Amino acid sequence: ITIHSYDYSRAPKGLSANLEVKPATQLGQREIALKNPDGGSAALKNIFAVIQKPRVDSIEPAAKPQGWEGNVTLAGHFFQAGAKVDFGKGINVNKVVLVSENELAANVAVAGDAPAGPREVKIENPDGGANALAGAFKINWKPVLQTIKPDRLERNWRGRMEIEGNNFQSGATVALGPGIAASGY
């Protein structure tokens with residue numbers, strides 16, 4: 001830690017120090033020692049800490065629909081045991097596990113009415129180091145089924161069913177219950 005200058009404008013009640021914490025500075029609790037020109041001195045142990053902010057690089061999966069619950073993996077650097085993760089409104093973080101300094105696993109539940117769109121994901125380590133990644137996770141609208149045609153199927157029937165609604169994605173699949181197979185032909 002390098003002290004570049006002092007500001008004594010608040011003396012005798014206080015002073016300000018302009019300082020720089022170098023990248024290789026050892027992490028952990030520190031003490032402060034003050035010495036007046038007349039030789040008087042004071043010290044406080046464990047009064048501040050040098051910390052490393054966590055960094056989130058990516059989240060997998062990066063998008064899920066309203067109403068989804070499952071596990072996500074957060075990749076980055078400087079994660080600590082006991083880290084907290086916040087995905088914002090409508091997403092409950094059930095559990096966070098430190099896999100390594102570079103990976104967290106989180107179990108999350110997206111509310112059925114959570115606002116759709118991109119989310120900033122925030123990480124806070126127990127030492128107070130915190131960071132966020134904007135747009136790291138996206139909530140998609142859940143699909144809405146409205147109508148199907150035909151709505152009655154006879155045994156041994158083969159044909160095309162039209163399914164109408166909203167928020168369907170390319171690659172979506174259909175399940176129709178036992179004894180009915182949906183496939184392209």
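Residues numbered from 1 in each chain as written. Predicted model: local features only at pLDDT ≥ 70, side-chain atom pairs only at ≥ 80, totals over all residues. Heavy atoms only, no water.

A. The environment of P54, seen in detail. Here P54 is to be found in the loop between β4 (41-50) and β5 (55-60). Distance from P54 to A83, taken between C-alpha atoms, is 9.3 Å for residues 29 residues apart in sequence. In this structure, P54 is in contact with H77, F78, F79, I123, N125, G129, A130 and N131, ignoring residues within four places of it in sequence. (Helix = DSSP H or I, 4+ residues; strand = E, 2+ residues; numbered from the N terminus. Contact = heavy atoms within 4.5 Å.)

B. Here's a closer look at unusual backbone geometry. A cis amide bond links A11 to the next residue, P12, at an omega of 10°. Looking at the secondary structure, you find P12 in the loop between β1 (2-7) and β2 (16-20). Although it is not a glycine, N46 sits at a positive phi angle of roughly 50°. With respect to the helices and strands, the residue N46 is situated in strand β4. Of note, F78 is a non-glycine position whose phi angle comes to about 65°, a positive value. Considering the arrangement of structural elements, one finds F78 in the loop between β7 (69-77) and β8 (84-86). Among the residues examined, F78 registers a relative accessible area of 34% and is labelled partly exposed. (Buried < 20%, exposed > 50% of the residue type's maximum accessible area, 1.4 Å probe, protein only.)

C. Structural view of the sheet that holds β7. Pairing is antiparallel in the open sheet, where four strands are placed in the order β5-β7-β10-β9. Looking at strand neighbours, the two that pair on one side only are β5 and β9 (91-100), the edges of this open sheet. Neighbouring strand axes in the sheet, compared pairwise and without regard to direction, differ in orientation by 25° on average. (Pairing = 2+ DSSP bridges. Axes fitted to C-alpha atoms, helices over the stretch in contact; angles between N-to-C directions.)

D. How the structure looks around the side chain of N140. Here N140 shows up in strand β12 (residues 130-140). Since its relative accessible area comes to 17%, N140 is described here as buried. N140 has contacts with A63, K64, P65, Q66, A116 and Q169, leaving out every residue within four places of it along the chain.

E. Spatial organisation of the environment of V96. In this structure, V96 sits in strand β9. Note: C-alpha distance between V96 and K84 (twelve residues apart in sequence) is 7.1 Å.

F. Just the pattern of salt bridges, in detail. Tallying each qualifying case throughout the model produces six salt bridges. Between E31 and K45 there is a salt bridge whose closest N-O contact spans 3.4 Å. Pair noted here: E31 is in strand β3 (residues 28-35) and K45 is in strand β4, with a separation of 14 residues, a long-range link. Two residues, R152 and D151, come together in a salt bridge whose shortest N-O distance is 3.9 Å. In this structure, R152 and D151 share a single accessibility class: exposed. (Salt bridge = Lys/Arg side-chain N within 4 Å of Asp/Glu carboxyl O.)

G. Region of interest: the packing of aromatic side chains. Scanning the entire structure with this criterion turns up two aromatic pairs. Where F87 meets F137, the ring centres are 5.3 Å apart and the plane angle is 85°; that geometry is what we call edge-to-face. In this pair, F87 is assigned in the loop between β8 and β9 and F137 in strand β12, connecting sequence segments 50 residues apart. Just as F87 is buried, F137 falls in that class too. (Phe/Tyr/Trp six-rings, centres within 6.5 Å; stacked < 30°, edge-to-face > 60°.)

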